[in-house]
Amino acid sequence: MKIAVCIKQVPDTTEVKIDPETKTLVREGVESITNPFDEFAVEEGLLLKEKYDGEVHVLTMGPPQAKDVLKNAYAVGADNVYLVSDRAFAGADTWATAYALSGALKKLGDLDLIICGKQAIDGDTAQVGPGIATQLNIPQLTYVDKIVDVDLENKKIKVERLLEDGKEVVEADMPVLITVVKDINEPRLPSLFGIKKAAKLDIPTWTADDIPVDKDKLGLKGSPTEVVTIFSPEVRGGGEILEGDVPEVVSTLVEKLMDIKIIK
Amino acid sequence: MADIKVLTDECTGCGSCEETCPFGAITLENDVAVIGDKCTYCGACVEVCPVEAIVLTKDEKAVQADMADYKDVWVFIEHERGKIANVSFELLGVGRKLADDIGCKLCGMLMGSGVEDFAKDAIAYGAEKVYYIDDPILKNYRTEPYAKGAVNLIRKYKPEIVIYGATTQGRDFAGNVATTIYTGLTADCTGLDIDPETKFLRQTRPAFGGNIMATILCPRTRPQMSTVRPKVMPMPARDDSRTGEVIKETLGMSEEEVRTRFIDFIASDQKVNIVDADVIVSGGRGLGKPENFKVIRELADVLGAAVGASRATVDAGWIPYEHQVGQTGKTVRPVIYIACGISGAIQHLAGMKTSDVIVAINKDPDAPIFGVATYGIVGDLFQVVPALTEEFKKRLGK
Ligand SMILES: Cc1cc2nc3c(=O)[nH]c(=O)nc-3n(C[C@H](O)[C@H](O)[C@H](O)COP(=O)(O)OP(=O)(O)OC[C@H]3O[C@@H](n4cnc5c(N)ncnc54)[C@H](O)[C@@H]3O)c2cc1C
Ligand SMILES: Nc1ncnc2c1ncn2[C@@H]1O[C@H](COP(=O)(O)O)[C@@H](O)[C@H]1O
């Protein structure tokens, strides 16, 4: 079973702020991490590899420093990792990101399964996974919280998807792209041996010339959307601390909440 | 100039292009596809041709010149298990405003099997037209047939704007549609308005866990598309005296072409799901142990509220993941959010800080949750929460 996992390096978003003067993002001193959902994607790839005998290829598109997340993936057991990196990819929105990644996935070739995280915590779009599936013309199963069964012989996969009001069991033909939620597994930690091995790894880098893509559709140029302004959200201040003993505060609070007229 | 041609040597006369063409521009003559004058160079045939016998060349400028042909605001009418999603009505509300600001019509896009009555609902909430595809294949939502239906409708009728709810369904399928059409899609918007000068759609959304807001345009391609977060836009009033037109189209896809199969749906045992809830009572590690979620549930039951949770409690296995609020859980926006024994870590706040009223109950006066709370109670949740439950019971006569 040949599996590819797409992972993204993201800033630890809790630290990202806007410089009130320059109105630009302050990323300084902000730590970069693997997108949390992508850790579940890597783990699921490894679990499937162990169960069905396969190989796990992990790729990321990003600047050279994005290699760090690939090293982590290698340290926990990915067979191969690739950095997809080129100035031409810069400024890509979800359309152009999915397009470039699908080029890299085509180059990997003969995949049975592609796994993405549900969404990246910087952009929170959840659009890249479906974008890749559409570019590659394969079915997609999003919000997967359990892989029920893989039938390699008949090329079918059965999963559970986590919806707002319950779970849906669906089956799809492979190759297929799935996006996974946090509930699907418990990511393993790298072994000391793994970390050492990863430190020595020479990571292959693919540029736009190495993958089958139309260069007009890459990066900023290929992106239909344009960010025109960024600004800080209205800050929500703390309100009122209710003072008094328990019966007092409880009765004040009930009074205030009943006034909203939503509780019946 | 755009150009389209059939490579007659390659064409096998299979007819899939003829079936797919939204404009009826293709006919088979002597087992070879012939493209007639009705062709708009949309490219639908190119994609379905199994032998790549149709070649389309399109230059950039042609796309730009086309923009004037796109008109009207469309709202995707989402439904699941026999019920229209509330967010679709909310979108008809904001869609009305967008259409008025542009000076165009508001339309619904509806797909399903035997759901024509939903067209009436869409009209009652303000749609002037509803484009509707009815097909047994569309009975349970699946990405491929829904995306195909939407792509065909969009190519044929050319809406200027299409908005979807940022639900699991809307997010699953809009990404697919935008990719095929090659247009922009802005995720999870919390604000939509029309630029008075350019008449472009200004799409505003939070990013980086809600720490920044961004306004995004889709200046060069049409339609402009967004998914919009549920419960952000006000619910418009229903008016059953409104009338509108229902335009039926066919899907043109067979079950064999769909590569996914619906098997089963297992309903959650939660009485109220947290995304739709008007009131949420959430518990954190301050509960101390899993059994203590009982005090949260009791209050929630009295209020008809949903039960939420911090990640710490989910990771500890006290409560299933579907209850998790926050950056790696769900984003919620109830009218009232009651946080009990939750410290208010920034990742938790990212999922609930746009709630209208936030109540925090925590014994630590310095807990960050008080920084966003409308009403704070510094105290032991095991005293405060049961007392609240009792007081509400009395007030509500339960
Ligand atoms: C990448 C990433 C993503 C994350 N995503 C999420 C997410 O989606 N959602 C989320 O919630 N967290 C998320 N977290 C975790 C987050 O940082 C916090 O660890 C978590 O929210 C803490 O949960 P808590 O408030 O229940 O527990 P704690 O921080 O331990 O807080 C417990 C609180 O209960 C109070 N307390 C204790 N006993 C009582 C009592 N008897 N009465 C009243 N108060 C009491 C304490 O004073 C304390 O403030 C994420 C973290 C990371 C790194
Ligand atoms: N630059 C990237 N490189 C690799 N994978 C990515 C990249 N961007 C997004 N992804 C994948 O797509 C998923 C959804 O991302 P997003 O649509 O940005 O929320 C992520 O969880 C990753 O699996």
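Since this is a predicted model, take the numbers as computed values, not measurements.

> Any chance you could explain the overall build of chain B here in plain terms?
Looking only at helices and strands, one finds 11 helices and 22 strands in chain B. Each principal axis of the C-alpha atoms in chain B carries an extent, and together these give about 85 × 50 × 40 Å. The burial tally for chain B puts 60% of its 398 residues in the buried class. When contacts within chain B are restricted to residue pairs at least 6 apart in sequence, long-range pairs at least 24 apart make up 63% of them. Surface accessibility of chain B: about 16100 Å² in total, with carbon and sulfur atoms responsible for 49%.

> What should I look at first to understand the side chain of B:D121 in this one?
As for its position among the elements, B:D121 is in helix α5 (residues 117-124). Polar contacts involving the side chain of B:D121 include one to the side chain of B:R238, which spans 2.8 Å.

> Quick question: what am I supposed to make of the sheet that holds strand β16 (residues 245-249) of chain B here?
Strand pairing within a sheet occurs via backbone hydrogen bonds; the two strands may be parallel or antiparallel. Residue and element names in this part refer to chain B. Strand order in the open sheet formed by 7 strands is β11-β15-β10-β5-β8-β9-β16, and the pairing between neighbours is parallel. Among the strands making up the open sheet, the edge pair consists of β11 (185-189) and β16. Between one strand axis and the next, the sheet turns by 25° as a mean value, whatever way the strands run. As paired strands, strand β5 (residues 73-77) and strand β8 (residues 106-112) are joined by 5 bridges and run parallel to one another. From the neighbouring strand, I77 faces β8, where its bridge partner is L110. Here helix α4 (residues 86-102) sits on the sheet and contacts β5, β8, β10 (161-165) and β15 (224-228); the angle it forms with β5, its principal contact strand, is near 175°.

> I'm lost on α4(B) in this one. Help?
Structurally, the α-helix is built with 3.6 residues per turn, so residues lying three or four positions apart point the same way. Residue and element names in this part refer to chain B. The end-to-end C-alpha distance of α4, which contains 17 residues, comes to 25 Å, matching closely the 24 Å that a straight helix rising 1.5 Å per residue would cover. Within α4 the residues assigned to the buried category are V87, S88, F89, E90, L91, L92, V94, G95, L98, A99 and I102. One or two positions beyond α4, positive phi appears at G103, with a value near 85°.

> Before we go on, may I ask you to explain the pairing of strand β21 (residues 357-362) of chain B in this structure?
When a strand is regular, its side chains alternate between the sheet's two faces. All names here are of chain B. A large share of β21 lies buried, amounting to 6 of its 6 residues. Because side chains alternate across β21, one face comprises the buried residues V357, V359 and I361, and the other comprises I358, A360 and N362, equally buried. Of the strand pairs in this sheet, strand β20 (residues 336-340) and β21 are connected by 5 bridges, and their pairing is parallel. Note that in β21 the partner of C340 across the bridge is I361. Bridge count between β21 and strand β22 (residues 375-378): 4 bridges; the pairing is parallel. Paired with A360 across the strands is G376, a residue of β22.

> Looking at this structure, I do not really get the pairing of strand β7 (residues 80-84) of chain A. What am I missing?
Residues and elements named next belong to chain A. Across the 5 residues of β7, 4 count as buried, placing the element largely inside the fold. Two strands pair when backbone bridges link them, and strand β6 (residues 55-61) and β7 are joined in this way by 5 bridges, in the parallel orientation. Bridge pairing in β7 links H57 to N80. Summarising the sheet, β7 and strand β13 (residues 205-206) pair through 2 bridges and their orientation is parallel. Within the sheet, the bridge partner assigned to L83 lies in β13 and is T205.

> Would you mind showing me how to read the confidence of the model for chain B here?
Note: predicted coordinates in regions of low pLDDT should not be interpreted at a detailed level. Across chain B, pLDDT averages 92, with 97% of residues at or above 70. Under the prediction, the complex receives an ipTM of 0.91, its pTM being 0.86.

> For this particular structure, what's the right way to read the interface of chain B and chain A?
How big an interface is tends to be reported as the loss of accessible area on association of its parts. Taken together, the 91 residues of chain B in the interface contact 87 residues of chain A. Summed over both partners, the interface of chain B with chain A comes to about 7700 Å²; 59% of that surface belongs to carbon and sulfur atoms. In this structure, A:D173 engages B:R261 in a salt bridge whose closest nitrogen and oxygen atoms are separated by 2.7 Å. The tally of links between chain B and chain A comes to 41 residue pairs in polar contact (both at pLDDT 80 or more). The class makeup of the residues in the side of chain B that touches chain A is 42 nonpolar, 30 polar and 19 charged. Taken together, the 2 bridges between strand β15 (residues 240-241) of chain A and β22(B) define a ladder with parallel strand orientation. For A:E240, the partnering residue across the bridge sits in β22(B) and is B:Y375.

> How do you make sense of the packing of aromatic side chains when you look at a structure like this?
Residues and elements named next belong to chain B. Inspection of the entire model under this criterion finds 12 aromatic pairs over all chains. Summarising the aromatic geometry, the rings of F76 and F173 are spaced 4.7 Å apart at their centres and angled 50° between planes, so their arrangement reads as tilted. Here F173 lies in helix α7 (residues 168-181) and F76 lies in strand β5, a separation of 97 residues in the sequence. This pair shows no difference in class: F76 is buried, exactly as F173 is. Here the aromatic cluster, defined as three or more aromatic residues joined through ring pairs, consists of F76, Y141, Y146, Y164 and F173. Positioned above the aromatic ring of F265, the side-chain terminus of R81 is 3.4 Å from the ring centre.

> Sorry, what's going on with the site of ligand 2 here?
Residues and elements named next belong to chain A. Around ligand 2, a shell composed of 18 residues is seen, among which C6, I7, D38, A120 and T125 lie nearest. Within the backbone of I7, one N or O atom sits 3.3 Å away from a nitrogen atom of ligand 2. Between ligand 2 and A120 there is a distance of 2.7 Å, counted from an oxygen atom to a backbone nitrogen or oxygen. Within the complex, the protein chains bury 97% of what would otherwise be the 480 Å² of accessible surface of ligand 2.

> It is not clear to me how the sheet that holds strand β18 (residues 279-283) of chain B should be interpreted in this structure. Could you clarify?
In space, the 6 strands of this open sheet follow the order β15(A)-β22(B)-β21(B)-β20(B)-β18(B)-β19(B), with parallel pairing throughout. The two strands at the open ends of the sheet, each matched to only one other strand, are β15 of chain A together with β19 (306-309) of chain B. Helix α7 (residues 246-259) of chain A rests against β15 of chain A together with β20, β21 and β22 of chain B of the sheet, and its axis sits at about 165° to β22(B). Here helix α8 (residues 293-303) of chain B sits on the sheet and contacts β18, β19 and β20 of chain B; the angle it forms with β18(B), its principal contact strand, is near 175°.

> Is there a simple way to explain the site of ligand 1 in this structure?
Close contacts around ligand 1 come from 26 residues, with B:S310, B:T328, B:S343, B:Q347 and B:H348 the closest. The environment around ligand 1 is built from residues contributed by chains A and B. At a separation of 2.7 Å, an oxygen atom of ligand 1 approaches a polar side-chain atom of B:Q347. Contact with the protein chains covers 79% of the free accessible surface of ligand 1, which is 990 Å². Breaking the shell around ligand 1 down by element, the ones donating at least two residues are α9 (311-315), α10 (346-349) and α11 (381-396) of chain B. When the residues that make up the shell around ligand 1 are grouped by side-chain class, the tally is 7 nonpolar, 14 polar and 5 charged.

Basis of the calculations
- Residues numbered from 1 in each chain as written.
- Chains lettered and ligands numbered in written order.
- Predicted model: local features only at pLDDT ≥ 70, side-chain atom pairs only at ≥ 80, totals over all residues.
- Heavy atoms only, no water.
- Helix = DSSP H or I, 4+ residues; strand = E, 2+ residues; numbered from the N terminus.
- Buried < 20%, exposed > 50% of the residue type's maximum accessible area, 1.4 Å probe, protein only.
- Contact = heavy atoms within 4.5 Å.
- Areas by Shrake-Rupley, 256 points an atom, 1.4 Å probe, with all protein chains shown as cover.
- Polar contact = N/O pair within 3.5 Å; in protein donor to acceptor, adjacent residues only side chain to side chain.
- Pairing = 2+ DSSP bridges.
- Axes fitted to C-alpha atoms, helices over the stretch in contact; angles between N-to-C directions.
- Expected span 1.5 Å × (residues − 1).
- pLDDT = per-residue confidence, 0-100.
- Buried area = accessible area lost by both parts, 1.4 Å probe.
- Salt bridge = Lys/Arg side-chain N within 4 Å of Asp/Glu carboxyl O.
- Nonpolar A, V, L, I, M, F, W, Y, C, P; charged D, E, K, R; others polar.
- Phe/Tyr/Trp six-rings, centres within 6.5 Å; stacked < 30°, edge-to-face > 60°.
- Lys NZ or Arg CZ within 6 Å of the ring centre and 35° of its normal.
- Near = heavy atom within 4 Å.

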